[in-house]
Amino acid sequence: ETGVTQTPRHLVMGMTNKKSLKCEQHLGHNAMYWYKQSAKKPLELMFVYNFKEQTENNSVPSRFSPECPNSSHLFLHLHTLQPEDSALYLCASSPTTWAGGYGYTFGSGTRLTVV
Amino acid sequence: AQSVTQLDSQVPVFEEAPVELRCNYSSSVSVYLFWYVQYPNQGLQLLLKYLSGSTLVKGINGFEAEFNKSQTSFHLRKPSVHISDTAEYFCAVSGSGGSNYKLTFGKGTLLTVNP
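Residues numbered from 1 in each chain as written. Chains lettered and ligands numbered in written order. Predicted model: local features only at pLDDT ≥ 70, side-chain atom pairs only at ≥ 80, totals over all residues. Heavy atoms only, no water.

(A) Main features of the pattern of salt bridges. Residue and element names in this part refer to chain B. A complete count under the given rule lists 8 salt bridges over all chains for this structure. With a shortest N-O distance of 2.9 Å, Lys58 and Glu64 are connected by a salt bridge. Owing to a relative accessible area of 23%, Glu64 belongs among the partly exposed residues under this scheme. When the shortest N-O distance is used, the salt bridge between Asp85 and Lys78 registers 2.8 Å. No difference in accessibility class separates Asp85 from Lys78, as the two residues are buried. A single salt-bridge network, built from bridges that share partners, covers Glu20, Glu66 and Arg77. (Salt bridge = Lys/Arg side-chain N within 4 Å of Asp/Glu carboxyl O. Buried < 20%, exposed > 50% of the residue type's maximum accessible area, 1.4 Å probe, protein only.)

(B) Looking closely at the state of the cysteines. Considering all chains together, one arrives at 2 disulfides over all chains under this definition. Here Cys23 of chain A is linked by a disulfide to Cys91 of chain A, with a sulfur-sulfur distance of 1.9 Å. Between Cys23 of chain A and Cys91 of chain A the sulfur-sulfur dihedral comes to about -75°; the bridge is accordingly left-handed. Residue Cys23 of chain A is located in strand β3 (residues 18-25), and its partner Cys91 of chain A is located in strand β9 (residues 87-94); the two are separated by 68 residues in the primary sequence. Residues Cys23 of chain A and Cys91 of chain A agree in their burial class; the two are buried. Two residues share a disulfide in this structure: Cys23 of chain B and Cys91 of chain B, whose sulfurs sit 2.0 Å from each other. Taking the sign of the torsion about the S-S bond as the criterion, the disulfide between Cys23 of chain B and Cys91 of chain B, at about -65°, is left-handed. Here the residue Cys23 of chain B occupies a position in strand β4 (residues 23-26), and Cys91 of chain B occupies one in strand β10 (residues 87-95), the gap between them amounting to 68 residues. Here Cys68 of chain A is not disulfide-linked; the sulfur of Cys91 of chain A is the nearest cysteine sulfur, at 9.0 Å. Given a relative accessible area of 12%, Cys68 of chain A falls into the buried group. (Disulfide = S-S within 2.5 Å. Helix = DSSP H or I, 4+ residues; strand = E, 2+ residues; numbered from the N terminus.)

(C) Seen up close, the interface of chain B and chain A. Chain B puts 20 residues into the contact, and the matching count from chain A is 21 residues. Interface area for chain B against chain A, summed over the two sides, is near 1700 Å², with a carbon-plus-sulfur share of 52%. Three residues stand out in chain B for area buried against chain A, namely Asn41, Leu44 and Tyr101 of chain B, and they jointly supply 30% of the buried area on that side. Put simply, chain B and chain A have 1 salt bridge between them. Note that Lys102 of chain B and Glu56 of chain A form a salt bridge whose closest N and O atoms lie 2.7 Å from each other. Breaking the side of chain B that touches chain A down by element, the ones donating at least two residues are β5 (31-38), β6 (44-50) and β10 of chain B. Of the residues forming the side of chain B that touches chain A, the biggest block, 4 residues, is contributed by β5 of chain B. (Contact = heavy atoms within 4.5 Å. Buried area = accessible area lost by both parts, 1.4 Å probe.)

Scope: geometric values only; no functional claims are made or implied.
Now the structure itself:
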């Protein structure tokens, strides 16, 4: 399998649940990203990882907890979410954190609904 | 800091008509420019990119874009659209260093192709 794979594609969770989103890339990239895409809002960069180390956290609430065990895998652990957290969560990767002329490769996203 | 402005949030057109989606950028350094397409409930897919050289860039699905340095623009065009081109289109820019190393996205333009 190639590219960036996100699982699950759809997730419905209650506000007291704990769930995790998974992202896996088979491109040999070293940088990985989590984005949030809400209806009628611009793309929001949440976290950046480079060689497994977090290099950016854009004031994301602690109910979102990222984990990057290696350069190929990225998780987003979710707990006690709010309805306004319902959105499409996108994972992306790039060879390095310098986007340069490569840009980012995106997964298909996880559609999260918090009830 | 670099920025991207997509001048139209929505563009409705009829099938087989030409379309232009406008993008202006702001950056103090050399730039790399990208157009991505997002179909409903999918991730972002690279349409085309400008790195250097010829200012006219051809991409997938019959799209092309022209880099205009003096007008700081990178407009996307297609001479004849299909219903299947209905999607959201994002313009993005990255630079050569400093705070411009990341990919900065515009807010997106929703292209709706009507029969």
